[in-house]
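Structural description and commentary
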Amino acid sequence: MISRLHDPNYDRWACQIKRTGGCRQPIHLRGKVEHYDRATGQLLHRYSTIHEPDGVLRVPCKTRRASRCPACAEVYRADTYQLIRAGLVGGKGVPETVSAHPCLFVTLTAPSFGAVHVRREKNGKVLPCRARRDAETCPHGHVMSCTARHSADDPRLGEPLCPDCYDYDGSVLFNAISPELWRRFTLALRRRFAKLNGLTVKAMREHVSIAFAKVAEYQRRGVVHFHAVIRLDGPDGPDSPPPVWATADALAQAVDHAASVVTAEIKPLSRTFRWGTQLDVRRITMDGDLTEQAVAAYIAKYATKAAECVGTLDRRIQPLDDLATLPIREHARRLIAACMRLGSDPGLTDLRLIHWAHMLGFRGHFSTKSRHYSTTLGDLRAAREEHMRTEEITTGRLPLFDEDTVLVVAHWQYAGRGLSLGEQFLAAALTGVRLPSVGGAPQ
Ligand SMILES: [Zn+2]
Ligand SMILES: [Zn+2]
Ligand SMILES: [Zn+2]
């Protein structure tokens with residue numbers, strides 16, 4: 001920390017750190033950017049990292065995951081919020097008329113893989129977890145009843161009453177097949193919606209399109225479920241209104257049907273998976289119980305979380321890792337062990353369970369949307385970068401060139417990442433971002 005503070009280049013370093021917005025693990029880049037006049041070939045401007053502190057430029061890591069970098073995850077969360085919100089009320093290139101399109105907020109859950117400890121509330125009172133007067137005793141001697149009223153931070157929540165009875169294989173296989181189950185759900189939904197309106201899928205496309213945006217959330221027991229915004233548009237997407245016969249009620253009916261009928265099979269094991277019976281379908285309205293802000297905030301929140309909430313690792317499991325000594329909870333350890341064991345089955349290589357063991361088998365994207373839902377994260381990022389570039393021009397850092405007449409040649413090389421412990425303290429002071437827990441790896 002002291003050597004950094006005394007470095008003659010400290011001011012420039014501090015400036016770089018401020019620009020990363022408090023990123024905990026900035027990427028170090030080495031390289032240069034040159035601007036040439038297209039007509040004459042004359043070099044107009046050159047930027048090189050040679051004169052930067054340590055000869056590198058530090059840029060934000062842009063991770064989605066709050067456990068790795070709270071600052072960048074916050075940017076991602078805010079972008080996701082804008083993206084979801086634009087699809088509900090317009091903005092960012094989506095017309096405001098989109099708010100009149102029928103729209104649902106749907107939660108698709110995973111089925112049960114065995115009894116787990118849960119916290120249930122009724123009228124603000126916490127209920128007993130799983131009170132059974134004549135509870136049976138499992139073959140391992142556990143009584144399948146729990147009268148505890150679990151607190152919200154009870155580590156037992158989501159863990160099985162009997163780990164030996166729990167279907168760990170089923171849990172990780174469901175996670176692995178869930179992206180396929182989602183895909184089939186969207187197809188079945190389109191088919192059903194068309195049928196309800198007496199059309200074929202092809203004929204329906206000339207009148208209606210269905211847009212999706214979804215996010216995966218890990219439940220405490222370690223399975224994913226999906227929250228989705230499902231919206232009806234006209235044939236050209238959000239710019240065109242759906243016909244009057246395309247109603248939210250018909251859409252809800254089609255969702256119900258599609259969620260209950262779709263299955264996905266893991267053939268080598270002859271196991272078939274379907275959604276859990278707890279389906280939640282609600283209408284999104286501008287003024288009702290479920291407003292567009294609430295939905296956008298909810299989806300954005302989950303977009304920055306991953307499996308670590310279940311108590312697993314937030315990195316890949318390495319071949320030399322000793323599963324028994326990893327600092328994780330027993331439930332997560334057994335889920336990871338199931339991935340490692342099933343992953344070595346030659347018939348299941350497509351599921352890449354070993355590679356995704358730390359995600360408990362789920363290898364899908366956390367947040368996805370159909371092409372016509374709204375803007376893209378890339379567009380939002382580009383808009384922000386353009387804004388920063390304009391600022392640089394007005395503050396005199398970059399000369400103003402006409403894009404068409406200038407050739408930009410850039411060479412960049414990865415030169416590492418992260419901050420030393422002393423630098424983390426300085427960065428926290430400079431950016432007002434909270435420090436990671438000192439004395440161990442960030443959780
Ligand atoms: Zn970062
Ligand atoms: Zn319990
Ligand atoms: Zn048992």
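Residues numbered from 1 in each chain as written. Chains lettered and ligands numbered in written order. Predicted model: local features only at pLDDT ≥ 70, side-chain atom pairs only at ≥ 80, totals over all residues. Heavy atoms only, no water.

1. A few points about the overall build of the protein chain
On a plain count of helices and strands, the protein chain comes out with ten helices and 13 strands. Principal axes of the C-alpha set define a box for the protein chain whose edges measure 80 × 60 × 50 Å. Looking at the protein chain as a whole, 45% of its 443 residues qualify as buried. For the protein chain, long-range pairs separated by at least 24 residues make up 71% of all intrachain contacts whose partners lie at least 6 apart in sequence. Surface accessibility of the protein chain: about 22,900 Å² in total, with carbon and sulfur atoms responsible for 52%. (Helix = DSSP H or I, 4+ residues; strand = E, 2+ residues; numbered from the N terminus. Buried < 20%, exposed > 50% of the residue type's maximum accessible area, 1.4 Å probe, protein only. Contact = heavy atoms within 4.5 Å. Areas by Shrake-Rupley, 256 points an atom, 1.4 Å probe, with all protein chains shown as cover.)

2. Quick notes on the coordination of the zinc ion (ligand 3)
The expected angle between donors at a tetrahedral four-coordinate metal is 109.5 degrees. At an octahedral six-coordinate metal it is 90 or 180 degrees. Those donors, Cys-138 (SG), His-140 (ND1), Cys-162 (SG) and Cys-165 (SG), are the protein atoms that reach the zinc ion (ligand 3), and they lie 2.0 to 2.3 Å from it. With four donor atoms in place around the zinc ion (ligand 3) and angles of 102 to 116 degrees between them, the coordination shape is tetrahedral. For the zinc ion (ligand 3), the single-chain donor residues occur in sequence as C-x1-H-x21-C-x2-C. Of this pair, His-140 sits in the loop between strand S6 (125-127) and helix H4 (168-196) while Cys-162 sits in the loop between S6 and H4, and the two are 22 residues apart along the sequence. Taking relative accessible area as the criterion, His-140 reaches 39% and is therefore assigned partly exposed. (Donors = N, O, S within 2.8 Å, 3.2 Å for Na, K, Ca; no water. Tetrahedral: all angles 85-135°; square planar, octahedral: opposite > 155°, others 65-115°.)

3. A word on the coordination of the zinc ion (ligand 2)
Protein-derived coordination of the zinc ion (ligand 2) comes from His-117 (ND1), Cys-129 (SG), Cys-146 (SG) and His-150 (NE2), at a distance range of 2.0 to 2.4 Å. Coordination at the zinc ion (ligand 2) is tetrahedral: its four donor atoms span angles of 103 to 114 degrees at the metal. If you list the donors of the zinc ion (ligand 2) from N- to C-terminus, the spacing comes out as H-x11-C-x16-C-x3-H. In this pair, His-117 sits in the loop between strand S4 (103-108) and strand S5 (120-122) while His-150 sits in the loop between S6 and H4, placing the two residues 33 residues apart along the sequence. According to the relative accessible area criterion, His-150 is buried, its value standing at 1%.

4. A look at the pattern of salt bridges
Opposite charge on two side chains makes pairing possible when the charged atoms of those side chains draw close. Scanning the entire structure with this criterion turns up 18 salt bridges. The partner of Arg-156 in a salt bridge is Asp-154, with the nearest N and O atoms 3.1 Å apart. Residue Arg-156 is classed as partly exposed on the basis of its relative accessible area, which comes to 38%. The class of Asp-154 is buried, set by a relative accessible area of 11%. Between Glu-180 and Arg-183 there is a salt bridge whose closest N-O contact spans 3.0 Å. Residue Glu-180 and its partner Arg-183 are both found in helix H4; the two are separated by three residues, about one turn of the helix. Beyond isolated ion pairs, a larger network of salt bridges with shared partners links Arg-4, Asp-54, Arg-58 and Glu-423. (Salt bridge = Lys/Arg side-chain N within 4 Å of Asp/Glu carboxyl O.)

5. Concerning the sheet that holds strand S7 (residues 209-218)
In spatial order, the strands read S11-S4-S8-S7-S12; together these five strands make up an open sheet with antiparallel pairing. Both edges of this open sheet fall to strand S11 (280-283) and strand S12 (367-369), since each of them pairs with a single strand only. Here the average twist between neighbouring strands, direction ignored, is 15 degrees. Pairing of S7 with S12 involves three bridges; the strand directions are antiparallel. Each bridged residue has a counterpart across the sheet, and for Lys-214 the counterpart in S12 is Thr-368. (Pairing = 2+ DSSP bridges. Axes fitted to C-alpha atoms, helices over the stretch in contact; angles between N-to-C directions.)

6. Digging into unusual backbone geometry
With phi around 60 degrees, Asp-54 is a residue other than glycine that occupies positive phi space. Asp-54 gets classed as partly exposed once you look at its relative accessible area, which sits at 47%. Its identity is not glycine, yet Asn-123 carries a phi of approximately 50 degrees, on the positive side. You can call Asn-123 exposed: its relative accessible area is 78%.

7. Here we look at the packing of aromatic side chains
One pass over the structure, following the stated rule, counts twelve aromatic pairs. Between Tyr-166 and Tyr-168, the aromatic rings sit 4.9 Å apart at their centres with planes inclined by 65 degrees, giving edge-to-face as the arrangement. Accessibility expressed as a relative area gives 6% for Tyr-166, which makes it buried. With a centroid separation of 6.1 Å and an interplanar angle of 75 degrees, the aromatic rings of Phe-174 and Trp-275 are classed as edge-to-face. Of this pair, Phe-174 sits in helix H4 while Trp-275 sits in the loop between strand S10 (271-273) and S11, placing them 101 residues apart in sequence. One exposure class covers both Phe-174 and Trp-275, and it is buried. Each member of the aromatic cluster is reached from another via a ring pair, and the members are Phe-113, Phe-174, Trp-182, Phe-185, Phe-212, Tyr-218, Phe-226, Phe-273, Trp-275 and Phe-362. One cation-aromatic arrangement involves Lys-214 over Phe-226; the distance from NZ or CZ to the ring centre is 5.1 Å. Over the aromatic face of Trp-356 sits the side chain of Arg-316, whose NZ or CZ is 4.7 Å from the ring centroid. (Phe/Tyr/Trp six-rings, centres within 6.5 Å; stacked < 30°, edge-to-face > 60°. Lys NZ or Arg CZ within 6 Å of the ring centre and 35° of its normal.)

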